[in-house]
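# Chain and residue survey
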Amino acid sequence: MILQSLVKYYEILANDEDSGIPRLGYGKANVSYAVNLSLKGELLNIIPLKISAQRGKKMVEIPQSMEVPEQEKKAGIGAKSNFLCENASYVFGVDNKGKPERAKACFEAFKQLHLQILKDINNATAQAVVNYVSCWDVDHALEHSALAEYLDEILSGANFVFKINGGEFVHQNPEIRQAWETYKSNSDNKNTMRCLVTGQDSPIARLHPSIKGVRGAQSVGGSLVSFNERAYESYGREKEQGLNAPVSEYATFAYTTVLNFLLADNAHKLNLGDSTIVFWAESPKRIYQDFMALYLNGGTVNNGEDLAQDEAAVIEIKSAFEKIAQGKPIGDLSDVFDQETNFYILAISPNAARLAVRFFFSNSFGEFVKKVGKHYQDLRIEKQYPTDPDVFSLWRLLNETVSPMSKDKAASPLLAGDVLKAIITGTQYPVSLYNSILLRIKAEKEISYYKASIIKAYLSRKTEEFKEVLTMALNEQSENSAYVLGRLFAVLEKAQQDANPGISATIKDRYFTSACATPASVFPVLLRLTQHHISKSDYGYTSDRRIGDILEKMDIANNPFPTNLSLEQQGVFVLGYYHQRNAFYQKNNKKSEANE
C-alpha cells in the first residue's frame, strides 16, 4: 500500500509540468562545484555552485540541489560510477582516505562509463568530456592549480558536475541526455518478474536507491527495501537482494524519487521524536500540504518559522482556528479543496543503514481535517493568561512532558508517535501522555494552561464519567468529589495568599501532591491551618464563605474525604484546581478593567 501510493503520487506529479520532480532516469543531487572544461577537455578551473540559505539565525552556504542523471545505489566495495555527477574520487581519482589505489579504481570506473556512453556522439560537448577522461593524469592530479583553492572541500566528498567554457551544464545538453536515456533503456537486467507494485511483468530492481532527508539517518541515506542476511531471504533467493520482494525498476525509481522529493521539502514535513513525517494528497496542488503543515502545527512550520505558501491555505487555516476558538465545528472547507481527495501520512525513522516505517495512514483529506480539528476541540479550556494561544502545536504539547531541568529537551520518540497517531485517527490518547503530565505537575507544583488542556483532552476521550467537569471554565454546580476537592484546595491557597500578601511559597508547594492523591490525610490539616489564615486576613469572611459553600457540596458529615483518588480522579482534581484558580484571576481582571 505504501509503495503503490507513492508510485501513484509520482505519476501525478510527473504529469504536472510545474512540479519539478525528476523524470525517469534522473534524480536530485546536492552539487557543490562544477568542473569547467575547455572544448579540448582541459581543466580550466573549478566553479562554486553553493547557494546561501537561512539556517536558524545564520546564513550559510549549502550545496545546490540539481536534477542530474539518476544516481546509482553503491553497495559493497567495488567502484561503481554515476554519470556526469560524482565526487572527487571518481572525477579526479583523488581522496583523503589514504587509499590511492582505490581512488584510481574509482576514476577508471568513471572513465569507462563515460567513454561507453559518449564516445560515439558527434557533439563537441560530449567530446570535451571524452577528452578529459582520456587525458587526465591521476598521478599528478593534486598538483593541478585549479584544485588548489578548494582542495579541502573537494576531498571532503562534495559532488561535481561539468561545464564547458563556463557555459551550459554538460548533463543538460539534449544529445547527451538522449544518449543517457538510451543507455538506461538498454540495461542488461534479465531479472523479469511480476512486480508487486504495478502487477506487471517487468525488469526487477536488485538494489533500491537510498532515501535521504530522514532526520538521524546516515548522510548517504537509508534503504526502505533491502536484504542483507540470509535469514531475511526467501528460499532459492540467497544474495539476490531485491528479488526477494520483486519491485520493478520503474516502480523503484518512482517511489524513491517521490519520497526523496517529499523529504527534501522542509516546509511540508514534520520532525517528531525520532520520526520524520511526510504527507501528500492525490493531487498536484500543494495547497493540501500547505494546509496540513500549518494545521498540525498550530499555524507554524516545525522549525518555528512562518509558512509563506498558498494564500488560500492560510485563509482556510485562520478560519478553522477561529471556529475552534469559538467552540464551533469546523464544518466544510471552501471549494478550493476537494475533501474527498485521498490523503496520506507516512512516518519514517532511522534504523542503522535502513529506514523503519513508524506508521502509515490513508483517508480522505476531509476526514483528516475533522480528526485533527477534534483534537483541537478536545484541548479547549479557559486560558490562564490572555497571551495563551487558542490552539498550540504538537511540539508544544509534547514539550510539557519533559522536565525543564532535563538536558535532553526531546520528548520520548514512542510517545510522540503514539500521540500523533491518536490525533490523526481520532482515537484515545496514550496513557503514557497522561501519566507524564501528572508526573510533571507533581514535580513542578505548577498547573499551566497547556497541562490543564492535555488532561482535559485525555479524560474527554478516556471516559464519559467526568463529562460534567470537562468544561471550558469553572462548573460551580458540579458535585464530583475530586473536582470539588481541587476547587477547595484552590480556595484554601487563596485564603493563605490573602493573609500573607507576596508569600513566596504556598500550601501548593508542600501539600499539592498528597492532597491530590490522598485527600483524607491532608485536607483536615489544611482546614485547621486555614482558620488561622482567615483570622489574619482582611477578606477572611469571603474565604470562609467560599469554603462553606464548597464543603456543602461534599456533605462531609456523611461522605468523609476520600482515602485516595484514582489516576483519572487526580486529573479531575487538577482541573478543579485550575478552573477555580482561573475564576479568581478572571474576577481580578474584570475589577481592573472596571477601575480603568
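None of these values were measured; they are calculated from a predicted model. As a convention, each chain's residues are numbered from 1 in the sequence order in which they are written. Restriction of local features to residues with pLDDT of at least 70 applies here, the model being predicted, together with a cutoff of 80 or more for giving and counting side-chain atom pairs; totals for whole chains, interfaces and linings are based on all residues. Neither water nor hydrogens contribute to the side-chain values; these are computed over all heavy atoms in the structure.

## With respect to the pairing of strand S7 (residues 160-164)
Defined as follows: Any residue under 20% of the maximum accessible area for its type is buried, any over 50% is exposed, and the rest in between are partly exposed; the area is computed with a 1.4 Å probe on protein chains only. The helix and strand labels rest on DSSP assignments: H or I over at least four residues marks a helix, E over at least two residues marks a strand, and numbering proceeds from the N terminus. Strand pairing is assigned whenever DSSP identifies at least 2 bridges connecting the two strands.
A large share of S7 lies buried, amounting to 5 of its 5 residues. Taken together, the 5 bridges between strand S2 (residues 33-37) and S7 define a ladder with parallel strand orientation. Across the sheet, residue Val35 finds its bridge partner in S7, namely Phe162.

## Re the side chain of Asn123
Which entries qualify depends on this criterion: Pairing of N or O atoms within 3.5 Å defines a polar contact, subject to two protein rules: one partner must be a possible hydrogen donor and the other a possible acceptor, and residues neighboring in sequence count only if both atoms are side-chain atoms. Pairs of residues are marked as contacts when any of their non-hydrogen atoms sit within 4.5 Å.
Position of Asn123 relative to the elements: it lies in the loop between helix H3 (100-118) and helix H4 (124-135). The class for Asn123 is buried, based on a relative accessible area of 9%. Here the side chain of Asn123 touches Asn173 through a polar contact of 3.5 Å, side chain to side chain. Residue contacts for Asn123: discarding those within four places in its chain leaves Asn173 and Glu175.

## Quick look at the confidence of the model for the chain
Quick reminder of the rule: Per-residue confidence from the predictor is reported as pLDDT, which spans 0 to 100.
Per-residue confidence for the chain gives a mean pLDDT of 87; residues scoring 70 or more make up 92%. Ignoring residues within four places in sequence, the model shows residues 301-308, a span with pLDDT below 50, making 17 contacts including any to other chains. Predicted confidence for residues 590-596 stays below pLDDT 50, and this span has 0 contacts to residues more than four positions away or in other chains.

## Re empty space enclosed by the protein
Put simply, the rule is: Throughout, the protein atoms alone are placed on a 1 Å grid, and a set of points is a cavity if a 1.4 Å probe fits but cannot get out or a pocket if it is open with protein on both sides within 12 Å along at least five of seven lines; lining residues have an atom within 4 Å of a point. Grid points are joined across faces, edges and corners, and a volume is the space filled by probe spheres set on the points. Under the scheme applied here, ten amino acids are nonpolar (Ala, Val, Leu, Ile, Met, Phe, Trp, Tyr, Cys and Pro), four are charged (Asp, Glu, Lys and Arg), and all others, including Gly, are polar.
Applying the stated criterion across every chain yields a total of 1 cavity of 30 Å³ or more. The volume enclosed by the largest cavity comes to roughly 40 Å³. Taken together, Leu296, His375, Tyr376, Ser393, Leu394, Leu420 and Ile423 form the lining of the largest cavity. For the lining of the largest cavity, the secondary-structure elements that each account for two or more residues are helix H11 (365-379) and helix H13 (413-425). Its residues placed into classes, the lining of the largest cavity shows 5 nonpolar, 2 polar and no charged.

## A few points about the sheet that holds S7
Convention followed: Every axis in this analysis is a line fitted to C-alpha atoms, fitted for helices over the stretch in contact. Angles between the N-to-C directions lie between 0 and 180 degrees.
If you walk across this open sheet you meet the 3 strands as S3-S2-S7, and the pairing is mixed. On the outer flanks of this sheet lie strand S3 (43-48) and S7, each paired with one strand and no other. When the angles between neighbouring strand axes are averaged without regard to direction, this sheet yields 30 degrees.

## Digging into the environment of Val391
Its location among the elements puts Val391 in the loop between H11 and helix H12 (394-399). Put simply, Val391 and Ala325 are 66 residues apart on the chain and 7.6 Å apart in space, counted from C-alpha to C-alpha. Excluding residues that lie within four positions of it along the chain, Val391 makes contacts with Gly298, Phe321, Ile324 and Tyr376.

## A short note on the nonpolar core
The condition is simple: In this text, buried Ala, Val, Leu, Ile, Met, Phe, Trp, Tyr and Cys residues form a nonpolar core when linked through side-chain atoms within 4.5 Å.
Counting 96 residues, the largest nonpolar core has Tyr295, Phe489 and Phe523 as the members making the most contacts within it. In terms of residue count, helix H16 (residues 481-499) provides more of this core than any other element does, 9 residues in total. If near-sequence neighbours (up to four positions away) are discounted, Phe489 is found in contact with Ile507, Lys508, Tyr511, Phe512, Ala515, Phe523, Leu526, Phe573 and Tyr577. Within the second largest apolar cluster, 43 residues are counted, among which are Leu84, Val94, Ala141 and Ala146.

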